[in-house]
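Inside the fold
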Amino acid sequence: MGQLAQQLLNGVVMGGIYALSALGLTMVYGMMNIVNVAHGELYMLGALFTYYLTSTLGLPYLPSVLAALVLVALIGGAMERSSLRRIRGQTMVVTTLVTLGWSLILQNVSLILTGGIPRYITSPFPETSLVLGGLQIAPSRLFAALAAGAVIVLTHLFLQKTVLGNAMRASFQDKDAASLVGINVGLIYMLTFALGAALAALSGGLLGTISYVDPSMGAKGLMKSFVVVTIGGMGSFIGAIFGGLILGIVEALAAAYISSAYKDFIGFIMVVVILLFLPSGLFGKRERYA
Amino acid sequence: MKPRAMNYVKPTRRRTGTILSLAALGLAALAPNVLDSYTRHVLMLAMINIILGLGLNFTLGYVGQPNFGQAALFGFGAYTSAILAMKMHVSFLVSIVAAGLVTLMAGYVLGYISLQLRGAYFCMVTIALGQALLLMASNLLRLTGGPMGLAGIPGPKLAGLLSSTYSLWLVALGLLALMLLVTRLLERSVMGRAWVAIRESETLARSTGVDTFHYALLAYVAGALFAGLGGSLYAHYVGFVDPSIFAFSWSSMSVVAVVIGGRGTIWGPVIGGLLVTLLPEYLRVAALWRLPMFGLVLILIITFMPDGLVALPRLLAQVRSRGKTGVALPGGGGD
């Protein structure tokens, strides 16, 4: 019983982090209709920048994460401005391939500049686990999960309650009407993509204290985010949260009771099975089924 | 506008076309005698990429669904051949035919599952199935050798005379020619038209009585057959398979080939397949910077020619006619 509760706790903590790492992906898909294959690289860059800011420049952890977030947001903005804007309205395959091109560039440039050595971001938190009612949790994990929850809530409030958030949603609902009321739609597109990139970077910076950082981590992160977003429903905010939690819990249980070798396998099979019964995930908008 | 008769080609022109194609095929069959081994190797890989791309083109180009799972079928064919050749010691011919048939059946199952969905969800399921197969190949140690893969897959000896690489060259060439022929025939058949109808508007196609799921599945299965044959060819040629054959990068490279060549055209995958094989080779001068440069070229081609390189003559003609009348290009220059 104690082991089950411990595994559930581990799953929830991991699930919160998964949810955050998928949030940028689902937002960019839901608003811009782009499957951003470079999402994993932006997440990797968030972790890599955080590592260099803390270790080489010796900055404290939190300011480093924020600075990494701004840097990656700038990269995201540049991606949108330079290429994605030109192919707005093209089919999904075309936009996906442009992000694939970016993913090749970002991943390999990082590899060339940093070498493929796995690195660890020094956690500002103590090593010893906290013990709560018989359950153990590492402080860095607890922090990452809590921060993930806070960021998810803040992003939701930003999109729903602020003028800029409303302008974003308006632009993607009807760009002509939005420009008629004076919204600079081009700028909004750039900001939205930059926000998605910033969210990816943030999850990279948070996760970097839990697992190692290297240029290939993006590909793995991307696949996890794909699973989360698809289970939850593509473009759905609440879906990303539930998708993340479900994946985190199922993985923890599978690793403990079945086999850790098949942990990842179960995630992908879950995608297939869930989509067969719920063709647009748990919370996705009903898409036309042909 | 003059109405264009789609199927009508002057008989004499058609005959010249056939003669030219056969001549080109004959030359290509003899080419390994004069090529150095490096060029031959690169062209062989290009042929495998083209075969893969032509198979993917059915779902991606004609039916218009974002299929990012072609590597699942390619890997299935490669592993089938590797296991048959190494564990059961069957001959090359049996191995490649069996790989084709087994992949065809696997394609029917995978296609039946993934084509329940469309668009982004279809895309995600194709990716998930590929990843699931990758993990299975890494974990079923007895059958697949796990992450170490299977090494030492024997090559064929056709008629006991030709070398193994020459035999594979001829098989690849034959397969390629067959695929081009099949694509040409399907393009103009009821099936090809049904595919394009689905791409343009699936709702409309259904309302006119087209069984869209059935036709989309046939496109997927046809693609699976060729991916399986291509995978078998690859396994026998390289002599080694490991789970990375199922990786997202293989699938996405095939999508890149079809899109930068030209989706839904017969020559698009040929141009694209050559490009994705040759470009990284030529970029070797850039050493480490080869892959970032490839990414850049990919972005440039797709951003400026979303319909692929086959649309280049049309684009150039447009530019020329605009230049004459002095009308500015929309979207050109400025930003």
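End to end, helix α3 (residues 61-82) of chain A covers 32 Å across 22 residues, agreeing with the expected 32 Å (1.5 Å per residue, within 8%). Among the residues making up α3 of chain A, those that are buried are Y61, S64, V65, A68, L69, V72, A73, G76, G77, M79 and E80 of chain A.

Looking now at a nonpolar patch on the surface. Residue and element names in this part refer to chain A. On the surface, a cluster of nonpolar side chains totalling about 770 Å² of accessible area is made up of I238, F242, I269, V273, L276, F277, L278, L282 and F283. Among the elements of the structure, α10 (237-257) and α11 (263-277) are those that each provide at least two residues to the nonpolar patch. With four residues, α11 is the largest single contributor of residues to the nonpolar patch. Mapped onto the elements of the fold, L278 is located in the segment after α11. Under the relative-accessibility criterion, L278 is labelled partly exposed at 31%.

This brings us to the packing of helix α1 (residues 2-32) of chain A against helix α5 (residues 139-161) of chain A. Residue and element names in this part refer to chain A. Viewed as axis vectors pointing N to C, α1 and α5 meet at an angle of 30 degrees, and their least axial separation amounts to 7 Å. Relative to α5, the element α1 lies roughly parallel. For the element pair α1 and α5, the recorded crossing hand is left-handed. Contacts between α1 and α5 pair V13, M14, G16, I17, A19, L20, L23, M27 and M31 from the former with R141, A144, A145, A148, V151, I152, T155 and L159 from the latter. Of the residues in the contact of α1 with α5, the class split is 14 nonpolar, two polar and one charged.

This next bit is on the pattern of salt bridges. For the structure on display, the rule yields nine salt bridges over all chains. A salt bridge links E80 of chain A to R85 of chain A; the shortest N-O distance between them is 3.1 Å. Each member of the pair, E80 of chain A together with R85 of chain A, is buried. A salt bridge links R118 of chain B to E202 of chain B; the shortest N-O distance between them is 2.8 Å. Of this pair, R118 of chain B sits in the loop between α4 (92-114) and α5 (119-139) while E202 of chain B sits in helix α9 (residues 202-207), and the two are 84 residues apart along the sequence. Classification of E202 of chain B by relative accessible area gives buried; the value is 6%. Look at the salt bridges and you will find they share partners, linking K224, E251 and D264 of chain A into a network.

The next thing to look at is the interface of chain A and chain B. Facing 46 residues of chain A, the contacting portion of chain B comprises 48 residues. For the pair chain A and chain B, the summed buried area comes to about 4,100 Å², and 79% of that belongs to carbon and sulfur atoms. Between chain A and chain B we count zero salt bridges in total. The tally of links between chain A and chain B comes to three residue pairs in polar contact (both at pLDDT 80 or more). For the side of chain A that touches chain B, the elements supplying multiple residues, two or more each, are α4 (92-114), α9 (217-232) and α11 of chain A.

Turning our attention to the confidence of the model for chain B. All names here are of chain B. The share of residues in chain B with pLDDT of 70 or more is 91%, and the mean pLDDT across the chain is 87. Confidence over residues 1-5 falls short of pLDDT 50; this stretch has zero contacts with residues more than four positions distant or in other chains. pLDDT under 50 marks residues 327-335. Its contacts with residues more than four places away, or in other chains, come to eight contacts.

Confidence in the prediction for chain A averages 89 pLDDT; 98% of positions are at 70 or higher. Of all helices and strands in chain A, the one with the weakest mean pLDDT is strand β1 (residues 130-132) of chain A (81), whereas α3 of chain A scores best (95).

We now examine empty space enclosed by the protein. Summed over the entire model, instances satisfying the criterion amount to two cavities of 30 Å³ or more. Taken as a whole, the largest cavity holds about 50 Å³ of empty space. Lining the largest cavity are F68, G69, A71, A72, T126, I127, G130, Q131, F246, A247, F248 and S251 of chain B. Counting only elements with at least two residues in the lining of the largest cavity, the list comes to α3 (70-87), α5 and α11 (248-261) of chain B. Of the residues forming the lining of the largest cavity, the biggest block, four residues, is contributed by α5 of chain B. For the lining of the largest cavity, the class distribution of residues is seven nonpolar, five polar and no charged. When its volume is computed, the second largest cavity comes out at roughly 40 Å³. Lining the second largest cavity, in full, are F226, V227, T230, F268 and V271 of chain A together with M124, I127 and A128 of chain B. Elements with a minimum of two residues in the lining of the second largest cavity: α9 and α11 of chain A together with α5 of chain B.

All names here are of chain A. Contact pair helix α2 (residues 39-55) / α4: the axes reach a minimum separation of 10 Å and the direction vectors enclose 25 degrees. When the axis of α2 is compared with that of α4, the two are roughly parallel. In this structure, α2 crosses over α4, and the sense of that crossing is left-handed. Side by side, α2 and α4 meet where E41, L42, M44, L45, L48 and Y52 of the first sit next to S103, L106, Q107, S110 and T114 of the second. Considering only residue class, the contact of α2 with α4 consists of six nonpolar, four polar and one charged.

Before going further, it helps to examine the nonpolar core. The biggest cluster of nonpolar side chains holds 181 residues, and the ones touching the most others in it are M44, L233 and V241 of chain B. The biggest single contributor to this core is helix α10 (residues 212-238) of chain B, with 15 residues.

What counts as what
Residues numbered from 1 in each chain as written. Chains lettered and ligands numbered in written order. Predicted model: local features only at pLDDT ≥ 70, side-chain atom pairs only at ≥ 80, totals over all residues. Heavy atoms only, no water. Helix = DSSP H or I, 4+ residues; strand = E, 2+ residues; numbered from the N terminus. Expected span 1.5 Å × (residues − 1). Buried < 20%, exposed > 50% of the residue type's maximum accessible area, 1.4 Å probe, protein only. Patch = residues over 30% accessible without salt bridge, like charges linked within 9 Å, V, L, I, M, F, W, Y side chains within 5 Å. Areas by Shrake-Rupley, 256 points an atom, 1.4 Å probe, with all protein chains shown as cover. Salt bridge = Lys/Arg side-chain N within 4 Å of Asp/Glu carboxyl O. Axes fitted to C-alpha atoms, helices over the stretch in contact; angles between N-to-C directions. Parallel < 35°, antiparallel > 145°, perpendicular 65-115°, else oblique. Left-handed = near helix turned anticlockwise from the far one by under 90°. Contact = heavy atoms within 4.5 Å. Nonpolar A, V, L, I, M, F, W, Y, C, P; charged D, E, K, R; others polar. Buried area = accessible area lost by both parts, 1.4 Å probe. Polar contact = N/O pair within 3.5 Å; in protein donor to acceptor, adjacent residues only side chain to side chain. pLDDT = per-residue confidence, 0-100. 1 Å grid on protein atoms, 1.4 Å probe; cavity = no way out; pocket = protein on both sides within 12 Å on 5 of 7 lines; lining within 4 Å. Points joined across faces, edges and corners; volume = space filled by probe spheres on them. Core = buried A, V, L, I, M, F, W, Y, C linked by side-chain atoms within 4.5 Å.

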